[in-house]
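Remarks on the overall topology
Read off the chains here:
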Amino acid sequence: MGDWSREDKEMNYFKDKLSQVVYSPNRFKLMIGEDKFIFGIVSGDDGEAPFSKLMQYKTIYDVLKDLDWKIKLSFVKAIEYAYTESVQEKFSLFKSEIEEEKVAFYFIENALFRTSSLWDMLAQLYRLFYEVDIPKDKVFYKKI
């Protein structure tokens, strides 16, 4: 068996890093009175309704929160599977025959894919905030 204190330390360190990113659920909630809020905006072709930009920020923010939650979940699951007894005892750099190891790799790949999507959403936020004249569908983090 492995050194469980080392493994616990590694898992706790990683989980601590994941928990450092925190979102405010009401960051872009625009209240009307005490118990009502604006849920969305329908704007004309120009997209310049009074609250249009705020709703664009809210939409991007909500997608960022969702992606972040899925990335964290994937990493937590990858950690759980990577530290199973069978993976710890039978790990090989050259072949992956252990089911738990395959599942751990799946969750790692899932988190990495979603991380690239998150970077694209951050590029959208940058485009919106700095009013970069690039169509939404042409914005990618590697190009902005």
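Structure shown above.
Residues numbered from 1 in each chain as written. Predicted model: local features only at pLDDT ≥ 70, side-chain atom pairs only at ≥ 80, totals over all residues. Heavy atoms only, no water.

With respect to the pattern of salt bridges
Put simply, the rule reads: Here a salt bridge means any side-chain nitrogen of Lys or Arg lying within 4 Å of a carboxyl oxygen belonging to Asp or Glu. Put simply, DSSP H or I for four residues or longer makes a helix, DSSP E for two residues or longer makes a strand, and each gets a number counted from the N terminus. Burial here depends on accessible area, computed with a 1.4 Å probe over protein chains only, as a share of the maximum for the residue type. Under 20% is buried, over 50% is exposed, and the range in between is partly exposed.
In the structure shown here, the tally under the stated rule is 6 salt bridges. Residue Lys65 is joined to Asp62 by a salt bridge in which the shortest nitrogen-to-oxygen separation is 3.7 Å. Of this pair, Lys65 and Asp62 are both found in helix H2 (residues 52-82), 3 residues apart, which corresponds to roughly one turn of the helix. Residue classification places Lys65 among the partly exposed residues on the basis of a relative accessible area of 22%. Given a relative accessible area of 28%, Asp62 falls into the partly exposed group. Residues Lys72 and Asp68 are paired through a salt bridge, measuring 2.8 Å at the closest nitrogen-oxygen approach. Placement of the pair is Lys72 and Asp68 together in helix H2, with a separation of 4 residues, close to one helical turn. Residue Lys72 shares its accessibility class with Asp68, and that shared class is buried. Salt bridges here are not isolated pairs; linked through shared partners, they connect Lys58, Asp62 and Lys65.

Keep in mind these values describe shape, not function.
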